Amino acid sequence: MSIVVRNSRRAERATVDALAGFGVATVHEAQGRTGLIDPALRPVWAGAHIAGTAVTVSVPPGDNWMLHVAVEQCREGDVLVVAPTSPSEAGYFGDLIATAVAARGVRGLVIDAGCRDVAELQRMGFPVWARHISAFGTVKETLGDVNTPIVCGGQRIEAGDVIVADDDGAVAVPRATAATVLAAARAREEKEAASRKRYASGELSLDVNAMRERLARKGLTYVDQEPTR
């Protein structure tokens, strides 16, 4: 049986929008170095940075019918997250579906398969993170699921979870812990800003981060070379 879950719960919009202010690397580190989607899913054009709530789509290989079904479930601030039930290089998503979901306020797509119409997507300003860029077309024959848990790029993602994506890739933040991760990201950013200021003044990271004692305990030894005579 195939299922479409309607009116799925989403992370709080204020939390989502605040997470948009942080990079993927910061968010990943802030939640204990978890949630990073397979780095093989790359932005199809550079410079995009989004955060939004996941609308999950499970699709058969080479069949994008459920993407059309998913459009109806999208709201402003969502990100489509798509995973095939077995590996597929097909181009599931192009400028036509992008136009449809953009009209509903969708902020981007993360897909563990292929997309196409890259030049048009860039012209539209619609961000996509994909495993493949492929012109190979899809059919509309077999059902899948919308807003049920999926595994995309090695991460289990549920509808309403937060997706943050930029040039470094994409990271998933569970809806239940989004506020906690936001607080940790803010703290991390403040710490990095202080370190950055000290680095800019010429201080060594060895001293800023108190690394010397730990390095010595690990056995690091400095040896001065004799001057050339």
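Since this is a predicted model, take the numbers as computed values, not measurements.

S.K.: Describe the environment of Cys115, with residues and values.
M.R.: With respect to the helices, strands and loops of the structure, Cys115 is situated in strand S5 (residues 108–115). Taking relative accessible area as the criterion, Cys115 reaches 0% and is therefore assigned buried. Separated by 20 residues in the primary sequence, Cys115 and Ala135 have C-alpha atoms spaced 7.4 Å apart. What Cys115 contacts, discounting residues up to four positions off in sequence, is Val44, Ala90, Gly91, Tyr92, Phe93, Leu121, Val128, Ala130, His132, Ile133 and Ser134.

S.K.: Explain the state of the cysteines to me, using residue names and the numbers behind them.
M.R.: Counted by the stated rule, this structure contains zero disulfides. We note that Cys115 lacks a disulfide partner, and the nearest cysteine sulfur, in Cys152, lies 13 Å from it. Its relative accessible area of 0% is what places Cys152 among the buried residues.

S.K.: Describe the pairing of strand S6 (residues 128–133), with residues and values.
M.R.: Side-chain positions along a regular strand alternate between the two faces of the sheet. Alignment of strand S1 (residues 42–43) against S6, held across two bridges, turns out to be antiparallel. Bridge assignment links Pro43 to a residue of S6, and that residue is Trp129. Alignment of S5 against S6, held across five bridges, turns out to be parallel. By the bridge assignment for S6, Ile111 is matched with Ala130. Considered for its hand, the β-α-β crossover made up of S5, helix H5 (residues 118–124) and S6 is right-handed.

S.K.: Give me the lowdown on the UniProt feature "binding site: substrate" (unreviewed entry) in the chain, citing residues and values where you can.
M.R.: Taking the UniProt record as the reference, the feature "binding site: substrate" (unreviewed entry) is found at Gly94, Asp95, Leu96, Ile97 and Arg116. These annotated residues cover 23 residues of sequence, and their C-alpha atoms lie no more than 10.9 Å from one another, placing them together at a single site. Leu96 gets classed as exposed once you look at its relative accessible area, which sits at 68%. Within the secondary structure layout, Ile97 lies in helix H4 (residues 95–102).

S.K.: Tell me about the packing of aromatic side chains, and please be specific about residues and values.
M.R.: Overall, the coordinates contain one aromatic pair when judged by the stated rule. Plain terms: the ring middles of Phe93 and Phe126 are 5.6 Å apart, the flat faces sit at 25 degrees to each other, and that makes the pair stacked. Taken as a pair, Phe93 in strand S4 (residues 91–93) and Phe126 in the loop between H5 and S6 lie far apart in primary sequence, 33 residues in all. Judged by its relative accessible area of 0%, Phe93 falls in the buried class.

S.K.: Give a detailed account of helix H6 (residues 178–200), specifying residues and quantitative values.
M.R.: For H6, which comprises 23 residues, the first-to-last C-alpha distance of 32 Å matches the rise-based estimate of 33 Å (1.5 Å per residue) to within 8%. Within H6, the full set of buried residues consists of Ala178, Val181, Leu182, Ala185 and Ser195. Positive backbone phi, approximately 105 degrees, marks Gly202, located one or two places after H6.

S.K.: Which residues make up the UniProt feature "binding site: Mg(2+)" (unreviewed entry) in the chain, and what are the values?
M.R.: Residues annotated by UniProt as "binding site: Mg(2+)" (unreviewed entry) correspond here to Asp117. Along the polypeptide, Asp117 turns up in the loop between S5 and H5. For Asp117, a relative accessible area of 33% corresponds to the partly exposed category. Excluding residues that lie within four positions of it along the chain, Asp117 makes contacts with Gly94 and Asp95.

Analysis parameters
- Residues numbered from 1 in each chain as written.
- Predicted model: local features only at pLDDT ≥ 70, side-chain atom pairs only at ≥ 80, totals over all residues.
- Heavy atoms only, no water.
- Helix = DSSP H or I, 4+ residues; strand = E, 2+ residues; numbered from the N terminus.
- Buried < 20%, exposed > 50% of the residue type's maximum accessible area, 1.4 Å probe, protein only.
- Contact = heavy atoms within 4.5 Å.
- Disulfide = S-S within 2.5 Å.
- Pairing = 2+ DSSP bridges.
- Right-handed = clockwise from strand over helix to strand, strands pointing away.
- UniProt positions renumbered as here; feature names shortened; annotations may be inferred.
- Phe/Tyr/Trp six-rings, centres within 6.5 Å; stacked < 30°, edge-to-face > 60°.
- Expected span 1.5 Å × (residues − 1).

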